[in-house]
Each structure stands twice: as structure tokens, then as C-alpha cells.
Amino acid sequence: MKAVSDFVSGMETGGGRTKQLIESGGGEKMAVEGIAAGSSRRRWRCEAGLCVLLQLLLWVALAEQMEEHLKREHSLTKPYQGVGSSSSSLWELMGNAMVMTQFVRLTPDIQSKQGAVWNRVPCYLRDWEMQVHFKIHGQGKKNLNGDGFAIWYTKDRMQPGPVFGSKDNFLGLGVFVDTYPNEEKQQERVFPYVSAMVSNGSLAYDHDRDGRPTELGGCTAMVRNLNHDTFLVIRYVKRRLTILLDIDGKHEWRDCIDIPGVHFPRGYYFGVSSVTGDLSDNHDIISLKLYQLTVERTAEEEQRDKEVFLPIVENMKLPGMEAPLEPMSGLALFLIVFFSLVALVFAIVIGIIVYNKWQEQSRKHFY
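Engineer: So what exactly am I meant to see when it comes to the pattern of salt bridges here?
Structural biologist: Where charged atoms from two side chains of opposite charge come close, those side chains can pair. Using the criterion set out here, one finds 19 salt bridges in the structure. Two residues, R254 and D248, come together in a salt bridge whose shortest N-O distance is 3.9 Å. Residue class for R254 comes out partly exposed when judged on its relative accessible area of 28%. With a relative accessible area of 46%, D248 lands in the partly exposed category. When salt bridges with common partners are traced through the structure, they connect D127, R239, R297 and D305 into a single cluster.

And the structure:
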């Protein structure tokens, strides 16, 4: 599936080169058909040209198959028809977000701005992949820019707040592309930095510490003021959360975060938000593409992947997410009551015996 995703993005940026290859391959084929069959070298060229054509046809077929899984009701692409201006649009703007011809600008390179774009349609997919094409740029020099943007899959939507322009104590997933270090004493991280957080509603994002206490993982990502396209992928398959980056202009994905045992309820909303403070940047979203992934599961995996009502990360203690005690069976309850009564009767008998012994000793003392 990753290879197909890479090819799809490559097709979008390299369509002209593909066409040239097809025309070149076709030209070779026609030329070879006009040559005598006695030349083994030219026959090899013909076969090579056919192989190129067959490979291209296979790639196109795979791309078309991937397109069938593109969920347009959860995708934001050019020309952004109706976004922010029509009540029938699938996406809704908030705050200072603006629709431009080539992108949706969440915040301009101006201080104290915040903006967001949210999907109106809840997502009920079991396995999915969100591809984010974005650009962060501005006049500020290194560490004099901010603050970044967040990608959301949450229960609530269109609620402004202090976490990259959206509400705190959220229910769901937040992926943060943080461009400014707020914690001055830390030396481990190099910014910009990508991190992820899963919250059950009881967790608060620690802005002063750049979300370190609640993050699942992260990586450095130099994404500002680049002359090539930058992409981020969030993949959720078989309860495994993976985040990949393509930010080096090489059309290659590299791993950033990989967390197993992540459980999300269905019916949450996708959104993207951003905020600027004393420092600023242009935060632009060029496209959001959500793909439905078809995955086969064993009977054991089906049992393990049962529906949940709150976000859960296995083997991680989150406040308010302690597993509830299982109710006792009728037999267990009966045995507990029975032995409790036996112990109580035994204690009463022992007490009576001790009391009688004490009384006998008291009488002997008087006589």
C-alpha cells in the first residue's frame, strides 16, 4: 500500500515524464516493427519497449485501484469548491483561515492569528490513511517563527482553544508539527518537531513543555521555507498508528512515529488548525486526502480489534483510563458471602468461649 501511495504522489508531480515515457516506448515499438526480424539487438529493444509499456499500464491500474479507495467526503483538494462559503461544502473554515487558489491558509505570517478547517462528515472507516500536503514559510529566522499546526481526529470539531488553535482536553488524536521550542532548558529536541498525542478527554497538552509529558513519540522535521513539496502521512491499520514524512524532496517516506495498540472509536472528525503568537508563519494546507485501506484480519485479530468508546493506548497509563473491574459471577459472590458468614459465626463462637472462660476465672477469684 505504501508503494502505491508513493506512486500516486509521483504520478501527480511527474505526469509529463510518464507521458514522455509512454510516447518513447510506443515510438520504439513502431520503429522495431519496421525492421527486419534478423536483428537480435533491435528485437531486444522492442521487448524492452513492451516491458516499459506493460509496467506503466500496471502502475496506472494500481493507481486507479487506489483512487477507488479515496474517500472524497473526507478529502480536501483543489479547487476547494464551496469551502468556507457554502453550507453544503464538506469542509468548514474557522477563525482567520482563508481559501486561496492554490492552498487553504490557516494563518498568515501575522502575530496573534488562529485558524482551522474541519470536515463536516464523521469518519466511520476502520483502517485509513490521511495524506497531508502542506507548506510552512515566513519571514522569521530560525527560532523566530511560530507556532506550527495540528492535524486532528477528534470527537469534537470547530472548537477554538490553546492547542495550536483548537481545544484542550480533546477526545482523540492530535498530531503536532511544532516549529517553536517553548521549553528553554531542553536540549534533546531539534525543532521543528513532529509529535503525536492520544487523549481520553482527561489529558491536557502542556504547552510550556511542548507536549512532552503526554506525547507518544516524535521526530525532528525541517519543514520551513523549503522550495519543494512537503508531505505527512498518518496511517491507522489494525490498531497501529504510524506517521511518515516526505520532506526532503526525494519522494521517499521516512518513519517518524510507530505505536501499536492504539484504539480509536469510529465517528470522529478530521481537522487541521494553526495559531501564531508573538512569532508567526504562513501555515498552508494544499491538500488532505483520506484513503480507505482494505486489510484482511484473522479471527484472533477481529476479536482483538473490537469497538471502543474512548481512545485507548495499550500498555500506557493515561489518567482516567484505568481498566474497570470485571463484575463478579454469581458463584463467586455466593462463595464470598458464605465464607464471610462462616468466619463471622466462628468469630462469635470464639468470642463466647473466651467470655465464658473469663467469667469462670472471675468467680474463682471471689471464692
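Read on for the rest.
Engineer: Teacher, can you tell me more about the side chain of S89 here?
Structural biologist: With respect to the secondary-structure elements, S89 resides in the loop between α3 (40-68) and β1 (91-95). Judged by relative accessible area, S89 falls into the buried class, the value being 8%. Excluding anything up to four places from it in sequence, S89 contacts Q81, G82, V83 and R120.

Engineer: I would appreciate a short explanation of the pairing of strand β3 (residues 104-107) in the present structure.
Structural biologist: The two faces of a sheet get side chains in turn, since along a regular strand they alternate between them. Relative to β3, strand β2 (residues 98-99) runs antiparallel, the two being bridged by two bridges. Residue pairing across strands places M98 opposite R105, the latter belonging to β3. From the end of β2 to the start of β3, which pair antiparallel, there are four residues. Direction of pairing for β3 relative to strand β15 (residues 282-292): antiparallel, over a ladder of three bridges. Along β15, the bridge assignment pairs V104 with I285.

Engineer: Please explain the side chain of D246 as it appears in this structure.
Structural biologist: Its place among the elements puts D246 in strand β11 (residues 240-246). R254 is the oppositely charged side chain nearest to the buried, salt-bridge-free D246, at an N-O distance of 8.0 Å. Ignoring sequence-local partners within four residues, the contact set of D246 consists of D229, T230, F231, H251, E252 and W253.

Engineer: What should I look at first to understand the pairing of strand β8 (residues 193-200) in this one?
Structural biologist: The element β8 is extensively covered by neighbouring structure, given that eight of its eight residues are classed as buried. Of the two faces of β8, the one carrying Y193, S195, M197 and S199 and the one carrying V194, A196, V198 and N200 are both buried. As judged from the eight bridges shared by strand β7 (residues 171-178) and β8, these two strands associate in the antiparallel manner. From the neighbouring strand, V177 faces β8, where its bridge partner is V194. In the sheet, β8 pairs with strand β9 (residues 217-220) via four bridges, with the strands oriented antiparallel. Bridging from a neighbouring strand, S195 pairs with G218 of β9.

Engineer: Looking at this structure, how should I read the sheet that holds β3?
Structural biologist: The strands making up a sheet are joined through hydrogen bonds of the backbone, oriented either antiparallel or parallel. Across the sheet, seven strands lie side by side as β2-β3-β15-β5-β10-β11-β12; this open sheet has antiparallel pairing. Each edge of the open sheet carries a strand with a single partner, namely β2 and β12 (254-259).

Engineer: Please explain the packing of aromatic side chains as it appears in this structure.
Structural biologist: To describe a pair of aromatic rings, one takes the distance between the centres and the angle between the planes. According to the stated counting rule, one finds 16 aromatic pairs in the structure shown. Look at W152 and F176: their rings are 5.6 Å apart centre to centre, the planes differ by 75 degrees, and that puts the pair in the edge-to-face class. You can see W152 sitting in strand β6 (residues 148-154) and its partner F176 sitting in strand β7, a full 24 residues away along the chain. Taking the relative accessible area as the measure of exposure, F176 reaches 1% and is therefore buried. Relative to Y205, the ring of F164 lies with its centre 6.0 Å away and its plane at 65 degrees, an arrangement referred to as edge-to-face. Of this pair, F164 sits in the loop between β6 and β7 while Y205 sits in the loop between β8 and β9; the two residues are 41 residues apart in sequence, bridging distant segments of the chain. With relative accessibility at 4%, the residue F164 sits in the buried group. A relative accessible area of 8% places Y205 in the buried class.

Conventions and cut-offs
Residues numbered from 1 in each chain as written. Predicted model: local features only at pLDDT ≥ 70, side-chain atom pairs only at ≥ 80, totals over all residues. Heavy atoms only, no water. Salt bridge = Lys/Arg side-chain N within 4 Å of Asp/Glu carboxyl O. Buried < 20%, exposed > 50% of the residue type's maximum accessible area, 1.4 Å probe, protein only. Helix = DSSP H or I, 4+ residues; strand = E, 2+ residues; numbered from the N terminus. Contact = heavy atoms within 4.5 Å. Pairing = 2+ DSSP bridges. Lys, Arg positive; Asp, Glu negative; His and termini not counted. Phe/Tyr/Trp six-rings, centres within 6.5 Å; stacked < 30°, edge-to-face > 60°.

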